[in-house]
Amino acid sequence: RRPAAIALMLQIDCPYCGARAQSEFGYERTLDSIVTLEMPADEAVRRLYARANPRGFDEELWRHAFGCRQWLVLRRHRQTHEIASVAAFDPALHR
């Protein structure tokens, strides 16, 4: 018999609430795919459909949906799911 697969949950260290289970958070998108209203259409299309899909670390936008409801930036490894850092999202810095 094969052993049952073990589902592992990420532990995300919210800067406002402390360490919480992944089930409290919702993934939104990678930061390089954020588009703004004033962005030219060709740039928006490039960001949404022609962006890189790197192996290794990437910055992602998450929301603490069942907690403080704040938007967060996670620097997470795409293959191992290791979380290198968690910070508050600042729209002025991520355009």
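This section reports on the structure supplied with the text. (Residues numbered from 1 in each chain as written. Predicted model: local features only at pLDDT ≥ 70, side-chain atom pairs only at ≥ 80, totals over all residues. Heavy atoms only, no water.)

Here's the deal with unusual backbone geometry
What counts here: Think of it this way: any DSSP run of H or I at least four residues long counts as a helix, any run of E at least two long counts as a strand, and we number them from the N terminus. For each residue, the accessible area found with a 1.4 Å probe, counting protein chains only, is set against the maximum for its type, and the residue is called buried under 20%, exposed over 50%, and partly exposed in between.
Of note, arginine 69 is a non-glycine position whose phi angle comes to about 65 degrees, a positive value. Considering the arrangement of structural elements, one finds arginine 69 in the loop between strand S4 (57–63) and strand S5 (71–77). Using a relative accessible area of 49% as the deciding quantity, one classes arginine 69 as partly exposed.

Digging into the side chain of arginine 47
Quick note on the threshold: Between N or O atoms, a polar contact is any pair within 3.5 Å; within protein, one atom must be a potential hydrogen donor and the other a potential acceptor, and residues adjacent in sequence are included only when both atoms are from side chains.
Here arginine 47 shows up in helix H1 (residues 41–49). Within the structure, the side chain of arginine 47 is placed 2.7 Å from the backbone oxygen of isoleucine 34, a separation counted as a polar contact.

Observations concerning the environment of arginine 76
Convention followed: Contacts were defined at the residue level, with two residues in contact if any of their heavy atoms lie within 4.5 Å.
Residue placement: arginine 76 occurs in strand S5. Residues arginine 76 and alanine 65 lie eleven residues apart in sequence; the distance between their C-alpha atoms is 19 Å. Residue contacts for arginine 76: discarding those within four places in its chain leaves Leu10, Gly56, Phe57, Asp58, Glu60, Trp62, His81, Glu82 and Ile83. Of the polar contacts made by the side chain of arginine 76, one reaches the side chain of glutamate 60; its length is 2.7 Å. Separated by 2.5 Å, the side chains of arginine 76 and histidine 81 make a polar contact.

Topic: the sheet that holds strand S6 (residues 83–88)
For clarity, the threshold we go by: Pairing between strands is defined by DSSP: at least two bridges between the two strands are required. Note on method: axes are straight lines fitted to C-alpha atoms, helices fitted across the in-contact stretch only, with angles between N-to-C directions ranging 0 to 180 degrees.
The sheet built from four strands is open, its strands ordered S3-S4-S5-S6 with antiparallel pairing. Among the strands making up the open sheet, the edge pair consists of strand S3 (26–30) and S6. Here the average twist between neighbouring strands, direction ignored, is 30 degrees. Here S5 pairs with S6 via five bridges, running antiparallel. Following the sheet pairing, leucine 74 is matched in S6 by valine 86.

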